[in-house]
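Per-entry structural report
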Amino acid sequence: MGSRGAFVNVNSGNFSFVENGQRYSTIGQIGDIQILSMGATKNVKAPEYSHSSNRVYVTMKDGKIKHISFYDDNHKQIKVIDFEHSHHGIKPHIHYNLDHTDKGISLSQDDKDLIKKIKRRL
C-alpha cells in the first residue's frame with residue numbers, strides 16, 4: 001500500500017503499521033472506533049488507509065485528539081476532522097478525500113456529537 005498505511009501485519013489482533021519509520025499502534029477503542037497513537041514525532045498524520053473497511057480512527061498526539069478519520073469500503077480515507085490547527089479560521093475543520101487545498105469545512109452537528117462522545121470516553 002505504500003508508506004502511510006503500509007501494514008506491518010494485517011492479520012494481527014492489535015494492528016500497527018509504519019509511516020516513514022514511525023509506527024501507528026492501537027491504544028484503545030470506543031465502540032467500533034480505534035484509538036491510535038504514533039511514536040514520538042513532530043508530524044502526526046491521519047493514516048491514508050485503514051486496516052478495515054468503513055473504519056473510524058482517532059489519532060492522538062501528546063494525549064490530545066489530533067485527527068478523527070473516516071474510511072470507505074476500499075480502506076481509503078474519505079474524511080478527516082483536523083483538531084490541531086485552524087484552516088482559514090475554522091478549528092476544528094474537515095477535509096475530504098485527502099484534499100488539504102480546500103478552505104477547510106465546518107463541522108456538522110453529527111460531527112460535533114461524535115466528538116463529544118469520543119471526548120467523554122477518553
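Let me sum up the structure you'll find in this document.

How each quantity is defined
- Residues numbered from 1 in each chain as written.
- Predicted model: local features only at pLDDT ≥ 70, side-chain atom pairs only at ≥ 80, totals over all residues.
- Heavy atoms only, no water.
- Helix = DSSP H or I, 4+ residues; strand = E, 2+ residues; numbered from the N terminus.
- Expected span 1.5 Å × (residues − 1).
- Buried < 20%, exposed > 50% of the residue type's maximum accessible area, 1.4 Å probe, protein only.
- Arc of directions from axis to C-beta.
- Contact = heavy atoms within 4.5 Å.
- Phe/Tyr/Trp six-rings, centres within 6.5 Å; stacked < 30°, edge-to-face > 60°.
- Lys NZ or Arg CZ within 6 Å of the ring centre and 35° of its normal.
- 1 Å grid on protein atoms, 1.4 Å probe; cavity = no way out; pocket = protein on both sides within 12 Å on 5 of 7 lines; lining within 4 Å.
- Points joined across faces, edges and corners; volume = space filled by probe spheres on them.
- Salt bridge = Lys/Arg side-chain N within 4 Å of Asp/Glu carboxyl O.

With respect to helix H1 (residues 109-121)
- Over its 13 residues, H1 runs 19 Å from end to end, which matches the ideal 18 Å to within 8%, given 1.5 Å per residue.
- Three or more residues of H1 are buried, namely Asp111, Leu114, Ile115 and Ile118. Across the axial projection of H1, the buried residues extend over an arc of 100 degrees, all falling on one side. Within H1, the exposed residues directed more than 90 degrees away from the buried face are Lys116 and Arg120.

Regarding the side chain of His67
- You can see His67 is positioned in strand S6 (residues 64-71).
- With relative accessibility at 6%, the residue His67 sits in the buried group.
- The residues contacting His67, other than those within four sequence positions of it, are Val44, Lys45, Ala46, Tyr57, Val58, Thr59, Val80, Ile81, Asp82 and Phe83.

Details of the packing of aromatic side chains
- For the structure on display, the rule yields 1 aromatic pair.
- When the ring of Tyr57 is compared with that of Tyr71, the centres are 5.2 Å apart and the planes differ by 65 degrees; the resulting orientation is edge-to-face. You can see Tyr57 sitting in strand S5 (residues 56-61) and its partner Tyr71 sitting in strand S6, a full 14 residues away along the chain. Comparing Tyr57 with Tyr71 shows no difference in burial state: the two are buried.
- Note that Lys79 overlies the ring of Phe70, its terminal NZ or CZ placed 4.9 Å from the centroid.

Remarks on the layout of surface pockets
- Approximately 150 Å³ is the volume attributed to the largest pocket.
- In this structure, the largest pocket is lined by Lys61, Asp62, Lys64, Ile65, Lys66, Phe83, Glu84, Lys91 and Lys119.
- Looking at the lining of the largest pocket element by element, the count peaks at 3 residues for S6.

Things to note about the environment of Arg121
- Looking at where Arg121 falls in the secondary structure, it is placed in helix H1.
- Residue Arg121 is classed as exposed on the basis of its relative accessible area, which comes to 53%.
- Arg121 sits 92 residues away from Gln29 along the chain, and the two C-alpha atoms are 9.4 Å apart.
- For Arg121, the residues in contact, after removing those within four places along its chain, are Ile30 and Gly31.

Quick notes on the pattern of salt bridges
- Tallying each qualifying case throughout the model produces 3 salt bridges.
- Notably, a salt bridge pairs Lys61 with Glu84, separated by 3.3 Å at the nearest N-O pair. In this pair, Lys61 sits in strand S5 while Glu84 sits in the loop between strand S7 (77-82) and strand S8 (93-96), placing the two residues 23 residues apart along the sequence.
- A relative accessible area of 18% means that Lys61 is categorised as buried.
- Glu84 serves as the salt-bridge partner of Lys66, at 2.6 Å between the closest nitrogen and oxygen. Here the residue Lys66 occupies a position in strand S6, and Glu84 occupies one in the loop between S7 and S8, the gap between them amounting to 18 residues.
- Residue Lys66 is classed as buried on the basis of its relative accessible area of 8%.
- Via salt bridges that share partners, Lys61, Lys66 and Glu84 belong to a single interconnected network.

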